[in-house]
Amino acid sequence: MHRLPAWLRRFGTVFALVGVLFLQACTVELYTGLSQRQGNEVVAALVRKGIPAQRQIDKEGTVTVLVDKARFAEAMSVLDAIGLPKEKFATLGQVFKRDGLVSSPVEERAAMIYGLSQELSQTISDIDGVLSARVHLVLPENDPLKQQLVPSSASVFIRHRTSVDMKELVPQVKMLVANGVAGLTYDNVSVILVPVAAAVEPTTSEPGLTNFMGIWLHPDDLARAMWIVYGLIAMVVLLVGSLAYLHWRRRRDVYTLDSAPPLRAVKRAP
């Protein structure tokens, strides 16, 4: 039995890869530069809403989230409603990271205020039901020789789910901020609450996602993907079969010519 040429044996693999790349060409980047945790949270949230999403690890170790091009706007709307991906806040260690340059006292003070606001924003964002939080600090540099000093103040912006009653937590938030900044009093902390209606949860009758060749697809997209892949497979089988038949015919003809008895010279009568 004669083996097919190497290029012919690899032909089916190439066509299968072309089919997978064709399916991936229908996706677009939703977010880039996410951490592993942020990427997992985004993909899990989209899959729970019935939106196919994929993770792609970049060279820098960050995560890129890919979604179907036709559902890009829907994915953005869903993530915005649930506050994902969560903002990454800078820590005091990152704020005061030195690059060998000498900082002025003004820069040191500005960095300290920024670092404190980032730390407090991160802490408040970890409260259940909070979608995003920002803390703005006003810490005036008072002259001790002045008779009237300008008090420190802070304002807290909280974007939260409507299902969570944040009004009951306002006193705890104000105390948290006041105790976290030297010279800041409880009465000088203001809190602004912005409720956000949660996205409509999918009903139990909504079809889920199906993993097809490593890609999570909605049932509406699954049928189209299966037709494309099976069509490519049928084309590959037909083409490989035709080439194999032609190769077999050619080898048979050569074998027939080699095995045929030699022709004898025929003597003509004088």
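Residues numbered from 1 in each chain as written. Predicted model: local features only at pLDDT ≥ 70, side-chain atom pairs only at ≥ 80, totals over all residues. Heavy atoms only, no water.

Asker: How do you make sense of unusual backbone geometry when you look at a structure like this?
Answerer: Excluding glycine, a negative phi dihedral is what most residues carry, and trans is how most peptide bonds are arranged. That bond from L84 to P85 is cis: its omega, -5°, falls within 30 degrees of zero. Relative to the assigned elements, P85 resides in the loop between helix 4 (72-82) and helix 5 (92-95). (Helix = DSSP H or I, 4+ residues; strand = E, 2+ residues; numbered from the N terminus.)

Asker: Hey, could you run me through the confidence of the model for the protein chain in this one?
Answerer: Low pLDDT marks stretches whose predicted atomic positions should not be read closely. Residues of the protein chain with pLDDT of at least 70 account for 66%, and the chain-wide mean is 77. For residues 200-207, every residue scores under 50 in pLDDT, and the model assigns this stretch eight contacts once sequence neighbours within four places are set aside. (pLDDT = per-residue confidence, 0-100. Contact = heavy atoms within 4.5 Å.)

Asker: I keep staring at the sheet that holds strand 1 (residues 27-34) and nothing clicks. Help me out?
Answerer: In a beta sheet, neighbouring strands are held together by backbone hydrogen bonds and run either parallel or antiparallel to one another. The strand order across the open sheet built from three strands is 1-3-2, with neighbouring strands paired in antiparallel fashion. Every other strand in the sheet has two partners, leaving strand 1 and strand 2 (53-57) as the edge strands with one partner each. Within this sheet the neighbouring strands show an average axis-to-axis angle of 25°, counted without direction. Of the strands in this sheet, strand 1, strand 2 and strand 3 (63-68) are in contact with helix 3 (residues 36-48), which crosses strand 2 at around 165°. (Pairing = 2+ DSSP bridges. Axes fitted to C-alpha atoms, helices over the stretch in contact; angles between N-to-C directions.)

Asker: Even after reading the chapter, I still don't get the pattern of salt bridges, so can you show me in this structure?
Answerer: Note that side chains of opposite charge can pair when their charged atoms are close. Taken as a whole, this structure holds three salt bridges when the rule is applied. Among the ionic pairs, R37 bridges to E41, the shortest N-O distance being 3.3 Å. Of this pair, R37 and E41 are both found in helix 3, four residues apart, which corresponds to roughly one turn of the helix. R37 gets classed as exposed once you look at its relative accessible area, which sits at 63%. Between E74 and R71 there is a salt bridge; the shortest N-O distance is 3.2 Å. (Salt bridge = Lys/Arg side-chain N within 4 Å of Asp/Glu carboxyl O. Buried < 20%, exposed > 50% of the residue type's maximum accessible area, 1.4 Å probe, protein only.)

Asker: Teacher, can you tell me more about the packing of helix 3 against helix 4 here?
Answerer: In helix packing, the relevant descriptors are the interaxial angle and the interaxial distance, both defined with respect to the helix axes. At their nearest, the axes of helix 3 and helix 4 sit 10 Å apart, and the two run at 115° to each other. Classified by the angle between their axes, helix 3 and helix 4 sit roughly perpendicular to one another. For the crossing formed where helix 3 meets helix 4, the hand is right-handed. Note on element contacts: helix 4 touches helix 3 through A75, V78, L79 and I82, opposite V42, A45 and L46. Tallied by class, residues from the contact of helix 3 with helix 4 come to seven nonpolar, no polar and no charged. (Parallel < 35°, antiparallel > 145°, perpendicular 65-115°, else oblique. Left-handed = near helix turned anticlockwise from the far one by under 90°. Nonpolar A, V, L, I, M, F, W, Y, C, P; charged D, E, K, R; others polar.)

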